[in-house]
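Geometric and topological summary
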Amino acid sequence: MSFFSTTEKPFLIAGPCSAETREQVISTAEAMQGLPIQLFRAGVWKPRTRPGSFEGKGVEALIWLEEIKAAYGFKTTIEVAEPSHVEAALLHHIDVLWIGARTVVNPFQVQRIADSLKGVKIPVMVKNPVNPDVDLWQGAIERFQNIGITELAAIHRGFSTYKTSNSYRNQPNWIIPVELKRRLPNIPIFCDPSHISGQASRVAQVAQKAMNIGFDGLMIETHINPNEAWSDAAQQITPNELRQLLLNLTIRNEYPISENGLLELEYLRQTVDNIDAEIIDLIGKRMEISSQMGEIKRQNNITAYQPERWREILETRCEQARKLSLSSNYIASIYELIHNESIKKQLEIPQVDNKNLEM
Ligand code: PEP
Ligand code: MN
C-alpha cells in the first residue's frame, strides 16, 4: 500500500513555506497538533526568483524537523533540488521528498536527483513545472518511476504567466492536472492552493475547487505568524485558519470525470476564460493601433471619424459574422462600442485644427 493512499480525503500536507528559525517552525508545528495532517512541510533550501531573498537554513533546519517529528509525531517533507539535498535529507530521516516547480523544468536536474535515489525507498512528490507543459510534468514523474521509486504523487501549484490577467499568482489551468490524472490514473494528485492563489484569503476557495474536481489531497502553507514570514508571506495561513478551512471543506469522494459533467464544465470554463483573456488583450492592442492612427491623422490634419471607413468596417465585420452564423446585429453592436471608444480616444489627441472634426 502506497504511503499516499489513505482512506481519508484530503491527504493533507501543511507547514510553513520556509523553516526560518527553530522557534518559528516548532511553534507552527505545535499549533498544528490535532490537525489531520499526513505530512509536515517546510522549505529548507528555497529556490528564490531573485537573488538576495531568504534562501533557507539548509541542514540546520533539518535538525529542527527531526525535533518536530520526535515531539509531535508528524512525518516530514522538504523540497530537494540537487543530489546533495537528497543526501542530507536522508541522513536526517526526512520521510518524503518533493521536487519543486523550478526544478521540474530541467530534465537533466530531475534525472540527477532521481539517480541519487537509486536503491532508496522513499516517497516522492513532483510539482508541475512552472510552464504549462503536461509532458514535462509526466516526464519528471517517469524519471523517478524508471529508477524504481514506486510511491509517487503529483502536486499541482499552477503556472506562471507574464502579468496575470486575473488575481491568481499562478494560473491553475485545471485542465492540465486533469490531463495528467487521465494519463497516470494511479498517481495521486494534490493541489497546492497557496502557490496558485498567492493570497491567504483565496486559499480556501482554490482548495474547494480542487476538491470539487476530485483531487486527492492538498498542500497548504501554514505559518504561526504569516505577516512575519520570510518567504511567501501573503499566501500563508495560520494553523487556526487551516483548521477552519478544513471544517468548511466539502469533500467529494468520486473522481467526477464525465459522470456528472463537472470536469467537462471545468474544461469549458477554462477555455472561455482563456478566450476572454485573448479578446481583452486584442481589444487593448486594437486600441493602441487606433491611437497611433489618431496621431497620424493629427499630423496630417485628417478628421478622426471617417464615415466611409466606418461603413467598410461595419460591412466586412458583419459579413464575417454571417459566415460564422453569428447575428450581424450582435456583431454590429459590439463594433459600434469598439469604434466609438476608438474615436473617443483619437479625439483626446489634441488636433492641429479642431474645426475639421466631423463628429
Ligand atoms: C514551495 O512549496 O514553497 C515552493 C517553492 O513551491 P514551488 O516549487 O511550487 O514554487
Ligand atoms: Mn512557498
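What follows covers the overall build of the chain. From N to C terminus, the chain includes 13 helices and eight strands. A globule of 359 residues ought to have a C-alpha radius of gyration of about 21 Å, yet the chain, at 26 Å, is considerably larger. Each of the three principal axes of the chain carries a C-alpha extent, and together these read 85 × 45 × 40 Å. Per-residue burial for the chain yields a buried fraction of 47% across its 359 residues. A separation threshold of at least 6 residues defines the contact pool for the chain, and within that pool the share at least 24 residues apart is 73%. Counting 38 positive and 43 negative side-chain charges, the chain places the averaged centre of each group 3 Å from the other.

This part takes up the coordination of the manganese ion (ligand 2). Protein ligation of the manganese ion (ligand 2) involves Cys17 (SG), His195 (NE2), Glu221 (OE) and Asp232 (OD), the donor distances falling in the range 2.1 to 2.4 Å. Summarised as a motif, the one-chain spacing of the donors to the manganese ion (ligand 2) is C-x177-H-x25-E-x10-D. Placement of Cys17 in the loop between strand E1 (11-15) and helix H1 (22-31) and of Asp232 in the loop between strand E8 (217-221) and helix H10 (239-248) is noted, with a sequence separation of 215 residues between them. For the pair Cys17 and Asp232, one class covers both residues: buried.

It is worth spelling out a nonpolar patch on the surface at this point. A cluster of nonpolar side chains, Ile275, Ile279, Ile280 and Ile283, forms an exposed patch at the surface whose accessible area comes to about 360 Å². The residue Ile280 is located in helix H11 (residues 262-299) in this model.

Looking now at the nonpolar core. As a rule of thumb, nonpolar side chains are buried together in soluble globular proteins. Counting 69 residues, the largest nonpolar core has Phe40, Ile78, Val126 and Phe144 as the members making the most contacts within it. Here Val126 is in contact with Ile99, Val104, Trp137, Ala140, Ile141, Phe144, Leu152, Ala153, Ala154 and Ile155, once residues within four sequence places are set aside. Membership of the second largest hydrophobic core comes to eleven residues, among which are Val96, Trp98, Met125 and Ile155.

With that settled, consider the sheet that holds E8. Paired through their backbone hydrogen bonds, the strands of a sheet run either parallel or antiparallel. In space, the eight strands of this closed barrel follow the order E1-E2-E3-E4-E5-E6-E7-E8, with parallel pairing throughout. Across the sheet, the axes of successive neighbouring strands diverge by a mean angle of 25°, strand direction being ignored. Two elements, strand E3 (residues 76-79) and strand E4 (residues 96-99), share three bridges in a ladder whose sense is parallel. Across the sheet, the residue bridging to Ile78 is Leu97, located in E4.

Attention shifts here to the packing of helix H6 (residues 134-146) against helix H7 (residues 175-183). At their nearest, the axes of H6 and H7 sit 10 Å apart, and the two run at 45° to each other. In terms of axis orientation, H6 runs oblique to H7. As H6 runs across H7, the sense of the crossing is right-handed. Contact with H6, carried on its side by Val134, Asp135, Trp137, Gln138 and Ile141, involves Ile176, Pro177, Glu179, Leu180 and Arg183 of H7 and no other residues of that element. Of the residues that constitute the contact of H6 with H7, the class distribution is six nonpolar, one polar and three charged.

This brings us to the site of ligand 1. Close to ligand 1 lie Cys17, Arg41, Lys46, Glu79, Trp98, Gly100, Ala101, Arg102, Lys127, Arg157, His195 and Glu221, which account for all nearby residues. Ala101 has a polar backbone atom sitting 2.8 Å from an oxygen atom of ligand 1. A distance of 3.4 Å is found between an oxygen atom of ligand 1 and a side-chain nitrogen or oxygen belonging to His195. Protein coverage of the free-state accessible area of ligand 1, which is 300 Å², stands at 97%. Of the residues contributing to the shell around ligand 1, the split by class is three nonpolar, two polar and seven charged.

Criteria and thresholds
Residues numbered from 1 in each chain as written. Chains lettered and ligands numbered in written order. Predicted model: local features only at pLDDT ≥ 70, side-chain atom pairs only at ≥ 80, totals over all residues. Heavy atoms only, no water. Helix = DSSP H or I, 4+ residues; strand = E, 2+ residues; numbered from the N terminus. Rg over C-alpha atoms; globule rule 2.2 N^0.38 Å. Buried < 20%, exposed > 50% of the residue type's maximum accessible area, 1.4 Å probe, protein only. Contact = heavy atoms within 4.5 Å. Lys, Arg positive; Asp, Glu negative; His and termini not counted. Charge placed at Lys NZ, Arg CZ, Asp CG, Glu CD. Donors = N, O, S within 2.8 Å, 3.2 Å for Na, K, Ca; no water. Patch = residues over 30% accessible without salt bridge, like charges linked within 9 Å, V, L, I, M, F, W, Y side chains within 5 Å. Areas by Shrake-Rupley, 256 points an atom, 1.4 Å probe, with all protein chains shown as cover. Salt bridge = Lys/Arg side-chain N within 4 Å of Asp/Glu carboxyl O. Core = buried A, V, L, I, M, F, W, Y, C linked by side-chain atoms within 4.5 Å. Pairing = 2+ DSSP bridges. Axes fitted to C-alpha atoms, helices over the stretch in contact; angles between N-to-C directions. Parallel < 35°, antiparallel > 145°, perpendicular 65-115°, else oblique. Left-handed = near helix turned anticlockwise from the far one by under 90°. Nonpolar A, V, L, I, M, F, W, Y, C, P; charged D, E, K, R; others polar. Near = heavy atom within 4 Å. Polar contact = N/O pair within 3.5 Å; in protein donor to acceptor, adjacent residues only side chain to side chain.

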